[in-house]
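# Descriptive analysis of the structure
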Amino acid sequence: MEWLDALILGIVQGLAEYLPISSSGHLEIFREILGIDLPSDKILQFDLILHAATVCSTIVVLWPMFSKLCTSFFGFKKDYDYYYVWKILLSCIPIGIIGVFFKDYVESFFGSGLTVVGVCLLITASLLTFAYLTGRKVGGGVVSAQNGRDISWSDAFIIGCAQAVAVLPGLSRSGTTIATGIILGDKRDSVASFSFLMVIIPILGEALLDLKDIITTPADQGDNAIGVLSLVIGFAASFIVGCCACKWMLNLVKKGKLIWFAVYCVIMGITCLIWHLVS
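Just so it is clear, the structure is predicted and the values come from calculations on it, not from any experiment. Residue numbering note: each chain is counted from 1, following its sequence as written. The predicted nature of this model means local features are confined to residues of pLDDT at least 70 and side-chain atom pairs, given and counted, to a pLDDT of 80 or more, with totals for whole chains, interfaces and linings taken over all residues. Side-chain figures throughout are based on the complete set of non-hydrogen atoms in the structure, without hydrogens or water.

## Quick notes on the state of the cysteines
Our working definition of a disulfide is a cysteine sulfur pair at a distance within 2.5 Å. Applying the stated criterion across every chain yields a total of zero disulfides. Unpaired in this structure, Cys-246 has its nearest cysteine sulfur neighbour in Cys-243, at a distance of 7.7 Å.

Here's what the structure looks like:
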């Protein structure tokens, strides 16, 4: 992989991880456009590096909240923040089950073309549209980030199930989890923060498990090589763009403007299906 390809994919990941348009789906789209042909294990390895970068972006942007949660949880303070962390841990159970028992099945969808991406983008658009209509109904027609309730234990688990389903390329993780929370009647600003924080544990956990393979993989593998420079550039681009996109997305969710991303997902979903038919 050339360093320029890594830069472009890093920028795409940084934007699409937080915007409800599916980072995995857009990475597939841009790999197709750039003509990047790598084995599925190399694709997943590089994507994992990019996702780890955006997790770091989340920690930086939400540091005041993140540090407060860590202090409370590891200090066993038994306050709101302490139980908030337990809700995050509860939400990670479904995706943990997927990772342990269905990892190989999920991985088979990556690098398999744009048909799955196109269909899943249309599903993402439907979820965002339904959440938009539900959110306005809950708010009495008035868009406000404070309309709704705090995230309950059952809500946390259901949102976690939504995150587990969103491992498919084209199903936006942030879009699916935020939309699910809004449909459940939770506050939009609370759902957005919860959505970004809940991904930290599974992504960093997967990164640590795969770190050994990344380190021990030979650097020179011809056309299938990614290269250290490409990994570094991809990580840096994803992290920097992710910091900006995270802040932007938090504001967009508060203002209730996710419907425009539904329109975008419809356009991209149809484009992917047409691309598949004519290619």
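## A short note on helix α9 (residues 153–165)
The α-helix winds at 3.6 residues per turn, so residues separated by three or four positions along the chain end up facing the same way. Working definition: helices are DSSP H or I runs of at least four residues, strands are E runs of at least two. Numbering for both runs from the N terminus. The span one expects for a helix is its residue count, reduced by one, times 1.5 Å. Here α9 spans 19 Å end to end across 13 residues, near enough to the 18 Å set by a 1.5 Å rise per residue. The buried label applies to any residue whose accessible area, calculated with a 1.4 Å probe on protein chains only, is under 20% of its type's maximum; exposed applies above 50%, and partly exposed to all values in between. Of the positions making up α9, those classed as buried are Asp-155, Ala-156, Ile-159, Gly-160, Ala-162, Gln-163 and Ala-164.

## Some details on a nonpolar patch on the surface
A grouping of Ile-93, Ile-97, Val-100, Phe-101, Phe-102, Tyr-105 and Phe-157 is seen on the molecular surface, where their side chains present a nonpolar patch of about 760 Å² in accessible area. A total of four residues in the nonpolar patch trace back to one element, the largest contributor, which is helix α6 (residues 93–101). Looking at where Ile-93 falls in the secondary structure, it is placed in helix α6. Only residues whose relative accessible area exceeds 30% and that form no salt bridge are eligible for patches; like-charged ones are grouped when within 9 Å, while nonpolar side chains (Val, Leu, Ile, Met, Phe, Trp, Tyr) are grouped when within 5 Å. Only the protein chains shown count as cover for residues, with accessible areas throughout obtained via the Shrake-Rupley method and a probe of 1.4 Å. Any carboxyl oxygen of Asp or Glu within 4 Å of a side-chain nitrogen of Lys or Arg constitutes a salt bridge here.

## Observations regarding the environment of Ala-237
Inspection of the secondary structure puts Ala-237 in helix α13 (residues 228–255). Along the backbone, Ala-237 and Ala-53 are 184 residues apart, and their C-alpha atoms lie at a distance of 8.5 Å. Only heavy atoms matter for contacts: two residues are in contact if any of them lie within 4.5 Å across the pair. Not counting the four nearest positions on each side in its chain, Ala-237 is found in contact with Leu-7, Gly-10 and Ile-11.

## Remarks on the environment of Ile-178
Checked against the element boundaries, Ile-178 lands in helix α10 (residues 173–184). For Ile-178, a relative accessible area of 0% puts it in the buried group. With 51 residues separating them along the chain, Ile-178 and Leu-127 place their C-alpha atoms 9.6 Å apart. Those residues in contact with Ile-178 that lie beyond four places of it in its chain are Val-191, Ala-192, Ser-195, Met-249, Val-253 and Leu-258.

## Some thoughts on the pattern of salt bridges
Scanning all chains against the criterion turns up seven salt bridges. Measuring nitrogen to oxygen at the nearest pair gives 3.6 Å for the salt bridge that ties Arg-173 to Glu-17. With a gap of 156 residues between them, Arg-173 in helix α10 and Glu-17 in the loop between α1 (3–16) and α2 (23–34) connect regions that are remote in the sequence. A residue is classified by how much of its surface remains accessible, and Arg-173, at 12% relative accessible area, is buried. The closest approach of N and O atoms between Asp-81 and Lys-68, which form a salt bridge, is 3.7 Å. Remark: Lys-68 occurs in helix α4 (residues 63–74) and Asp-81 occurs in helix α5 (residues 80–91); sequence separation between them is 13 residues. Linked through salt bridges whose partners overlap, the residues forming this network are Glu-28, Arg-31 and Asp-47.

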